[in-house]
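Descriptive analysis of the structure
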Amino acid sequence: MPLKILVIGAGICGPAFATLLRRSDPEASVTVIERYPGIRHNGLQIDLRSWGVPIMKNMGLLDVVKSKTVKERGLAFVNSKGRDIAVFEPSGSGTGQQSFTSDFEIMRGDLAQILYDDSLIGQTEAQAKSEDVPGIRYRFDTTVAAFEQDDEGVDVTFSDGSKGRYDLVVGADGQWSKTRRMMFGDAEGLAMFKPLDVYIAYYTIPKEPGDDDGFARGYLAGKGRGLTTRTGDRAETQAYLMLRSKEADVKNSIERQPAERQKETFLKLFKGCGWKEERLLRGLRSCTDFYADSLGQIKTPTAIKGRITLMGDAGFCASPVTGMGTTVSLLSAWMLAGELARHKGDVKGALAAYDTNIRPYVNELHKLPPGVPWLMTLHSKWSIFFFHLVLRFCAWIQLDKLLFRFMPEDRGGMPVPEYPELKIKPAS
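Computed from a predicted model, the values in this text were never measured in an experiment.

Secondary structure assignment for the protein yields 16 helices and 18 strands. Taken over C-alpha atoms, the radius of gyration comes to 22 Å for the protein, in line with the 22 Å a tight globule of 428 residues would show. Viewed in the frame of its principal axes, the protein has a C-alpha envelope of about 65 × 45 × 40 Å. With 428 residues in all, the protein has 55% of them scored as buried. Sequence-distant contacts in the protein: of pairs separated by 6 or more residues, those separated by 24 or more amount to 74%. Accessible surface, the protein as shown: approximately 18900 Å² in total, 54% of it carbon and sulfur.

The structure is reproduced here in structure tokens:
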């Protein structure tokens, strides 16, 4: 019998998984639900690194990604007067070996749209509407209200009152995954989030003269605060505020709180930050695309429960500070689709293999770069002074390019798992 699968979340890994599964099993019926009214085009800059690059190449989408990349010339660390301390350019490798700025910088919404569009190529109107025929369909403005499973399938009740039965349910609904909390219980699901005591805010501000030289700029403000701006070739400038704090009051006013309360907290704590302070805080007050959250990693002892499993940040979030968020999403989609194709209808066998085989990769992706996130959020003026000296030296001898040149694309010496059953020509 052809598989009938429900995917919860239409971000990065949901559409990628649906595409891979459709290619390997044209008879499968895949429904992807999303709580937003459509594919979300908000969100700021993300990138491809490590295994994410060959996976997109295998999917035949790397050239499409290249056509949508943000043209960013590199990252410059600046002092309080805006003067460059050290400048680091992209590696130019075209592979998964990347520097601070990747060759594959892309807006989150653009990558989500690429994967969504690819998943629907060749679809008929009937396939887009009915779960009773093979194909992929999307249901927006929809969430899961409840599910109940037995040995043969999962019965799902949706937010609109409709119901469905599936061979497999896949949670791809992010760091605070409702699916994960429904699988393991709210308290246990939340406890799988391991905080780094770092908080970040993202938003855009109007572009000004001087923003369009192509360089991202990073500034250490002290007291555990860091600021970054990025424009590249885009019409607006992206602003990032990063804060490191163990204070309970800070956590309680940012983590999973309303945007206005989060804004108030960042406005208060970034007062007196120095470089571009007036502009960045003015933009923070007036922006309409503000997003803030606590940074951490998701440590699941297992990503499966019966016929329900997790992908991407829902099961394996590595944290944005690793630079591997997109790679986690693509790798988990690749491996879950690969194991399902390999096990040919044996859902439980495929899930057991997926949960086992992805672990070494996740462990590697969860490794924080040396000094991260602490070097990004230094407290004292003296620590910042000495860090600037180190950055100057590293930039002068181009240590970043030397290191990244010898770092393997295959992290930990592990190549992208091969799944001939996906019927995709390997990247050459």
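Having seen the model, we can carry on.
This next bit is on the packing of aromatic side chains. Applying the stated rule across the entire model yields 19 aromatic pairs. Measuring from centroid to centroid gives 5.4 Å for Phe-385 and Phe-386, while their planes differ by 70°, and the two rings are edge-to-face. On the accessibility criterion, Phe-385 (42% relative accessible area) is partly exposed. Plain terms: the ring middles of Phe-393 and Trp-396 are 6.3 Å apart, the flat faces sit at 50° to each other, and that makes the pair tilted. Taken together, the residues span about one helical turn, with Phe-393 and Trp-396 both in helix 15 (residues 381–396) at a distance of 3 residues.

Let us now look at the pairing of strand 10 (residues 163–166). Alternating positions in strand 10 separate cleanly, Gly-164 and Tyr-166 being buried on one face and Lys-163 and Arg-165 remaining unburied on the opposite face. Between strand 9 (residues 154–158) and strand 10, which pair antiparallel in sequence order, lie 4 residues; one of them, Gly-161, sits at a positive phi of approximately 95°.

Take the pattern of salt bridges next. For the structure on display, the rule yields 23 salt bridges. For the salt bridge of Glu-125 with Lys-129, the shortest nitrogen-to-oxygen distance reads 2.9 Å. One end of the pair is Glu-125 and the other is Lys-129, both in helix 5 (residues 125–129) and 4 residues apart, which spans about a single turn. Neither residue differs from the other here; Glu-125 and Lys-129 are each classed as exposed. Within this structure, Glu-208, Asp-211, Glu-278, Arg-279 and Arg-282 form a network of salt bridges that share partners.

This next bit is on the packing of helix 1 (residues 13–24) against helix 4 (residues 108–119). At a closest axis distance of 8 Å, the pairing of helix 1 and helix 4 adopts a crossing angle of 25°. The angle between helix 1 and helix 4 falls in the class roughly parallel. Considering only the axes of helix 1 and helix 4, their crossing is left-handed. Between helix 1 and helix 4, the contacting residues are Pro-15, Ala-16, Thr-19, Arg-22 and Arg-23 on the first element and Leu-115, Tyr-116, Asp-118 and Ser-119 on the second. In terms of residue class, the contact of helix 1 with helix 4 is made up of 4 nonpolar, 2 polar and 3 charged.

It is worth spelling out the state of the cysteines at this point. What the rule picks out here adds up to 0 disulfides. In this structure Cys-13 is not part of a disulfide, and its nearest cysteine sulfur, from Cys-317, lies 11 Å away. In this structure Cys-287 is a free cysteine whose sulfur lies 15 Å from that of Cys-273, the closest cysteine sulfur available. We classify Cys-287 as buried; its relative accessible area is 11%.

Let's shift gears to the sheet that holds strand 2 (residues 29–34). The strand order across the open sheet built from 6 strands is 7-2-1-11-18-17, with neighbouring strands paired in mixed fashion. The open sheet has two edge strands with one neighbour each: strand 7 (135–140) and strand 17 (304–305). Pairing of strand 1 (residues 4–8) with strand 11 (residues 168–171) involves 4 bridges; the strand directions are parallel. Bridge pairing links Val-7 to Val-170 in strand 11. Contacting strand 11, strand 17 and strand 18 (308–310), helix 13 (residues 347–357) crosses the sheet at an angle of about 25° to strand 18.

Right, let's get into the nonpolar core. Among the nonpolar cores identified, the biggest contains 86 residues, and Phe-17 and Met-56 are the most heavily contacted of them. A total of 10 residues in this core trace back to one element, the largest contributor, which is helix 12 (residues 325–343). Excluding residues within four positions of it along the chain, Phe-17 makes contact with Ile-5, Val-7, Val-170, Met-311, Ala-333, Leu-336, Ala-337 and Leu-340.

Rules of the game
Residues numbered from 1 in each chain as written. Predicted model: local features only at pLDDT ≥ 70, side-chain atom pairs only at ≥ 80, totals over all residues. Heavy atoms only, no water. Helix = DSSP H or I, 4+ residues; strand = E, 2+ residues; numbered from the N terminus. Rg over C-alpha atoms; globule rule 2.2 N^0.38 Å. Buried < 20%, exposed > 50% of the residue type's maximum accessible area, 1.4 Å probe, protein only. Contact = heavy atoms within 4.5 Å. Areas by Shrake-Rupley, 256 points an atom, 1.4 Å probe, with all protein chains shown as cover. Phe/Tyr/Trp six-rings, centres within 6.5 Å; stacked < 30°, edge-to-face > 60°. Pairing = 2+ DSSP bridges. Salt bridge = Lys/Arg side-chain N within 4 Å of Asp/Glu carboxyl O. Axes fitted to C-alpha atoms, helices over the stretch in contact; angles between N-to-C directions. Parallel < 35°, antiparallel > 145°, perpendicular 65-115°, else oblique. Left-handed = near helix turned anticlockwise from the far one by under 90°. Nonpolar A, V, L, I, M, F, W, Y, C, P; charged D, E, K, R; others polar. Disulfide = S-S within 2.5 Å. Core = buried A, V, L, I, M, F, W, Y, C linked by side-chain atoms within 4.5 Å.

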